[in-house]
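The lines below spell out each chain.
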Amino acid sequence: MAPPADARLQLEAVRLTALYGRRAVVKDVSILFPAHSVTAVIGPSGCGKSTFLRCLNRMHELSEGGWVTGTVLLDGADVYDAGVDPVQLRRRIGMVFQRPTPFPTMTIYDNVAAGLRVNGGRSRGEVDAAVEQALRRAALWDEVKDRLKKSALDLSGGQQQRLCIARALAPEPEVLLLDEPTASLDPAGTQRIEELCHELKHRYTIVIVTHNLQQAGRVSDYTAFFYLGDLVEVGRTEELFTKPAQEQTEAYITGRFG
Amino acid sequence: MTTLVGVLSFVAVLALAVILGYLVVKGASSLDWNFFVKNPVPAGQAGGGVANAIVGTVIIVGVAALIGLPIGIGTGLYLAEYGSGRFGWIVRFVADVLNGTPSIVVGIFAWTWLVRPMGHFSALAGSVALAVLMVPMIARTTEEMVRLVPHSLREAALALGYPRWRTSLRIVARTALAGILTSCLVGIARIAGETAPLLFTALGNLNFSSSILQPMQTLSLQVFTYGTGPFDEWHRLAWAAALVLMGLVLLLSLTARWALRSRHGAAR
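The following paragraphs examine the structure supplied in this document. (Residues numbered from 1 in each chain as written. Chains lettered and ligands numbered in written order. Predicted model: local features only at pLDDT ≥ 70, side-chain atom pairs only at ≥ 80, totals over all residues. Heavy atoms only, no water.)

1. Section: the sheet that holds strand E8 (residues 205-209) of chain A
Residues and elements named next belong to chain A.
Part 1 of the reasoning: In space, the six strands of this open sheet follow the order E6-E7-E8-E3-E9-E10, with mixed pairing throughout. Strands at the two margins of the open sheet, each flanked by one partner only, are strand E6 (93-96) and strand E10 (230-236). Each neighbouring strand pair of the sheet contributes to a mean axis angle of 15 degrees, computed without reference to strand direction.
Part 2 of the reasoning: Pairing analysis gives five bridges linking strand E7 (residues 175-179) to E8, with the strands arranged parallel. Paired with Val 175 across the strands is Thr 205, a residue of E8. (Pairing = 2+ DSSP bridges. Helix = DSSP H or I, 4+ residues; strand = E, 2+ residues; numbered from the N terminus. Axes fitted to C-alpha atoms, helices over the stretch in contact; angles between N-to-C directions.)

This is how it looks when you write it as structure tokens:
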């Protein structure tokens, strides 16, 4: 059952190519991420899926020699347009990484508030409310509400990753990019994050990179299969997994390579 | 082979132990209240202290730190965060060369460019010379400390919509703070005992002076003056001054080690 379309949250890559110097690692990829859905990006290591993700919030261009051709459209507007400030853009597209990256010198509260404060213009009360809301959405509030002023490093790995999700959610982004968010977590931590994806897609558009096929099957509405920098196939997750159109896709999901 | 390197390390430790022990033997008996609070008395008389040298050391090293630390830390931060290009390479090279420059060479430049134009010796010229010695040291160690901050933290801040400069200051430098403080303390300890560049800048002063535009005494200069002087009383005071100087440097080094060890408790 398709949720109502909300163009504001819609993200689309059009003929996107990502390069390091002269070497293309993502080649001419066009893909639509529908609003209020989870799209999984799968593929073997080195297929360019993480690089592709980093093009969506203009992080790729920060890497040494990294540049991009093609466009990415958020709410119909080109995020690579000359008038777009990448710093402002990244406040609209939250990102969570493979390993939890809490800021070690900050408290739990300050970690979540970090993205709000860098924007400025909010009162203490507003920041308090936004921090609580973000922690609730990341399903961490009940575990940390009594120790908001403690160091973020006191949390377990799984809690730290949910803290990072809360930190990404606090500035009210439209899109959430997750780059193998459970790669360093135990099964219980992984399950919490996957449940979170289901809850969060009602408010955000989510793109999750994973090399865990079961995870892609569990959390996503759509799945995109990347191989050697090409987008081989994209479709509804159950269709892609049960009757893939491309032979390469079938070979990968049945475990014949990768 | 193990025996050989064992013996060699023993010799190294022995040398340090002998120096420390001898300093204590020769100097400790002269350390009394007067030594710390009294100024020198005319040559030949008994008694008196080195209060002028202690205050002078604090002032000269303090002013040097005031000049040198901001420049050194800023340079180190620049090298670690933005110094991957050609300019960074040049700065790094110059810093390394400057790091190996004999301190007396820095002293003669300070003499030429500050003491001569001003027309007289001054503590300020000494501080500037010490600051010049300090900057490359602080810059390179700060760079190393900042580089220890995981790249993933920078990315996390940038992905959150932090501008580059704010990422450097608020996240990266803040995370490396304990390490940067350590490098500052080590840098200060390193210049606190410098003598050569002070000989023709701060010059030394047998009277108390707290004006940075006038010649000023330091513990290292006091050791030099008294140690090479003709009076037994002076020799006694020179040993005591040397002991105090050594203790000061040791204290700074220990504080630096302690600061580095407790770095992970920074947010608690």
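2. A look at the interface of chain B and chain A
As a measure of interface size, the accessible area lost when the parts come together is often cited.
Part 1 of the reasoning: Each partner contributes to the interface: chain B provides 18 residues, whereas chain A provides 25 residues.
Part 2 of the reasoning: At the boundary of chain B with chain A, total buried surface from both sides reaches about 2,000 Å², with 65% on carbon and sulfur atoms.
Part 3 of the reasoning: Summed over the shared surface of chain B and chain A, the number is one salt bridge.
Part 4 of the reasoning: Among the salt bridges present, the one from Arg 54 of chain A reaches Glu 155 of chain B, with a minimum N-O distance of 2.9 Å.
Part 5 of the reasoning: Across the chain B-chain A interface, the total number found is two residue pairs in polar contact (both at pLDDT 80 or more).
Part 6 of the reasoning: A class-by-class count of the residues in the side of chain B that touches chain A yields ten nonpolar, three polar and five charged. (Contact = heavy atoms within 4.5 Å. Buried area = accessible area lost by both parts, 1.4 Å probe. Salt bridge = Lys/Arg side-chain N within 4 Å of Asp/Glu carboxyl O. Polar contact = N/O pair within 3.5 Å; in protein donor to acceptor, adjacent residues only side chain to side chain. Nonpolar A, V, L, I, M, F, W, Y, C, P; charged D, E, K, R; others polar.)

3. With respect to the environment of Ala 173 of chain B
All names here are of chain B.
Part 1 of the reasoning: Positionally, Ala 173 belongs in helix H8 (residues 164-175).
Part 2 of the reasoning: For the pair Ala 173 and Val 149, spaced 24 residues apart in sequence, the C-alpha to C-alpha distance is 8.5 Å.
Part 3 of the reasoning: Beyond its immediate chain neighbours, meaning those up to four positions away, Ala 173 contacts Leu 77, Ser 168 and Ile 180.

4. With respect to the pattern of salt bridges
Part 1 of the reasoning: For the structure shown, the criterion picks out 20 salt bridges over all chains.
Part 2 of the reasoning: The partner of Arg 117 of chain A in a salt bridge is Asp 110 of chain A, and the shortest N-O contact between them spans 2.9 Å.

5. Quick notes on the nonpolar core
Part 1 of the reasoning: Within the largest apolar cluster, 76 residues are counted, with the highest numbers of intra-cluster contacts made by Phe 52, Leu 56, Phe 103, Leu 177 and Phe 226 of chain A together with Tyr 162 and Ile 191 of chain B.
Part 2 of the reasoning: With nine residues, the single largest contributor to this core is helix H6 (residues 123-147) of chain B.
Part 3 of the reasoning: Those residues in contact with Leu 177 of chain A that sit more than four places away from it in its chain are Leu 53, Leu 56, Asn 57, Ile 93, Gly 94, Met 95, Val 96 and Val 207 of chain A.
Part 4 of the reasoning: Ala 152, Leu 169, Ala 216 and Tyr 252 of chain A belong to the second-largest nonpolar core, a separate cluster that totals 46 residues. (Core = buried A, V, L, I, M, F, W, Y, C linked by side-chain atoms within 4.5 Å. Buried < 20%, exposed > 50% of the residue type's maximum accessible area, 1.4 Å probe, protein only.)

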